[in-house]
Amino acid sequence: MSSVTTTKTPIGRYFDVTGGRVYGHVREGDGPALVFLHYWGGSHRTWRPVIERLSPTRAFVSYDHRGWGESTEVPGPYGIEQLADDAERVIEELGYGACVVVGHSMGGKVAQVLASRRSAGLKGVVLVAPAPPAPVGVTREFQEALAHAYDNDETIDRSIDLVLTSGELSAEARRQVHEDSSRAGEAARMAWPREALVEDFADRVGAIDVPVLVLAGSDDKVDPPHVLRDHLLPLIPTATLTELGGTGHLSPLEVPDQIASHISAFVARLQRGGPAPAAQGDRSQRPST
């Protein structure tokens, strides 16, 4: 007797959070469910190329942080604790009994705080080009310059070419980055460079007790591998780091194949009940291609 796998089509829906509703895409399917958290400047769409390369039966939710994408009307605060509260609320509303949180850049910092709370059902974390739990070498001048990265088309282009990527984005991806980064509410856009970036959670992330996979772009100018090796790995005992070859900070758009492959392997290992990555010896691996 043969079995037929039914693929569920992702649907758009809103989730109730403090002060409003955030928008996301959801697919029912196999667990553990993946919970995608986007970067400062992105939206739920940032993860689309990765999701398209995962199993079509994998359950997931990818939503817009308050102040971004289709959630621009949701008021602040826009700090990391509030964004972690929102993630908890989304997970609770979906009723996930088991999930893996996948956070990129700012979303990676949110994922670290969320994981430090040891929420029931959290099985693992994937941090893609994550911001470290505490600021590293951040000056007032840098914060002010960063605050203007998405002021207009010219500054967005400059940010893409000089800071965020190591190669060419497709025309579609570049257009999407322009749309997402210019659409944010002003308060949300300013919150990361002026406040959330310098929030310090170094004393919290040691509480994370689930496996953590860190994916760092070999050519990342924002959160390079050596910074994450020095300022993230020592603080999270369960974390291992793998370098992604040929990509900068926008790896979900630059090398979605690599990220999807690593997420799939990580989830498969969790399902097999294998050892946490930190127990496997070398906690840092060189670029994959």
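On a predicted model such as this, the values are computed, not experimentally measured, just so you know.

> I'd like a description of the overall build of the chain, backed by residues and values.
Along the chain, the regular secondary structure elements total 10 helices and nine strands. Taken against the 2.2 N^0.38 rule, which gives 19 Å for 289 residues, the C-alpha radius of gyration of the chain at 18 Å falls within 12% of a compact globule. Projected onto its principal axes, the C-alpha positions of the chain cover 60 × 40 × 35 Å. Counting only residues that meet the buried cut, the chain has 56% of its 289 residues in that class. Considering only contacts within the chain whose residues lie at least 6 apart along the sequence, 77% involve residues at least 24 apart. As presented, the chain carries roughly 12,200 Å² of accessible surface, and 49% of it is formed by carbon and sulfur atoms. Taken as two groups, the 28 positive and 38 negative side-chain charges of the chain have centres that lie 5 Å from each other.

> With reference to specific residues and values, describe a nonpolar patch on the surface.
Together, Leu 162, Val 163 and Val 222 line one region of the surface with nonpolar side chains, adding up to about 240 Å² of accessible area. For Val 222, the position within the fold is in the loop between strand 7 (212-217) and helix 8 (225-231). What makes Val 222 partly exposed here is its relative accessible area of 36%.

> Quick one: what's the story with the layout of surface pockets, residue by residue and with numbers?
The calculated volume of the largest pocket comes to roughly 670 Å³. Together, 30 residues line the largest pocket, and Phe 142, Leu 146, Val 163, Leu 197 and Val 222 are the ones closest to its centre. Elements with a contribution of two residues or more to the lining of the largest pocket: helix 4 (140-147) and helix 5 (153-164). If you tally residues by element for the lining of the largest pocket, the top one is helix 5, at five residues. Considered class by class, the residues forming the lining of the largest pocket number 20 nonpolar, six polar and four charged. Reported here for the second largest pocket is a volume of approximately 230 Å³. Every residue lining the second largest pocket is listed: Arg 48, Pro 49, Glu 52, Arg 53, Ser 170, Glu 172, Ala 173, Gln 176, Leu 253, Glu 254 and Pro 256. When residues of the lining of the second largest pocket are traced back to their parent elements, those giving at least two are helix 1 (48-51), helix 6 (171-183) and helix 9 (251-254).

Definitions and cut-offs
The numbers attached to residues start from 1 for each chain and follow its sequence in the written order. Totals for whole chains, interfaces and linings use all residues, but because this is a predicted model, local features are given only for residues with pLDDT of at least 70 and pairs of side-chain atoms are given and counted only at 80 or more. Computation of side-chain values: all heavy atoms of the structure, hydrogens and water removed. Elements are defined by DSSP. Helices are runs of H or I of four residues or more, strands are runs of E of two residues or more, and each kind is numbered from the N terminus. In this treatment the radius of gyration is a C-alpha quantity, and the globule benchmark scales as 2.2 Å times the residue count to the 0.38 power. Exposure is judged per residue with a 1.4 Å probe applied to protein chains only, and the accessible area is read against the type maximum: over 50% gives exposed, under 20% gives buried, and values in between give partly exposed. Residue contacts are counted whenever heavy atoms from the two residues lie within 4.5 Å of one another. In short, Shrake-Rupley with a 1.4 Å probe defines the accessible areas, and a residue's cover is counted only from the protein chains shown. Positive charges are assigned to Lys and Arg, negative charges to Asp and Glu, while His and the chain termini are left out of the count. Where a charge lies is defined by one atom per residue type: Lys uses NZ, Arg uses CZ, Asp uses CG and Glu uses CD. Nonpolar side chains (Val, Leu, Ile, Met, Phe, Trp, Tyr) are joined into patches within 5 Å and like charges within 9 Å, using only residues with over 30% relative accessible area and no salt bridge. What makes a salt bridge here is a side-chain nitrogen of Lys or Arg within 4 Å of a carboxyl oxygen of Asp or Glu, nothing more. A 1.4 Å probe that fits into a set of points on a 1 Å grid over the protein atoms alone but cannot get out defines a cavity; an open set with protein on both sides within 12 Å along at least five of seven lines defines a pocket, and lining residues are those with an atom within 4 Å of a point. Grid points are joined across faces, edges and corners, and a volume is the space filled by probe spheres set on the points. Residues are grouped as follows: nonpolar covers Ala, Val, Leu, Ile, Met, Phe, Trp, Tyr, Cys and Pro; charged covers Asp, Glu, Lys and Arg; every other residue, Gly included, is treated as polar.

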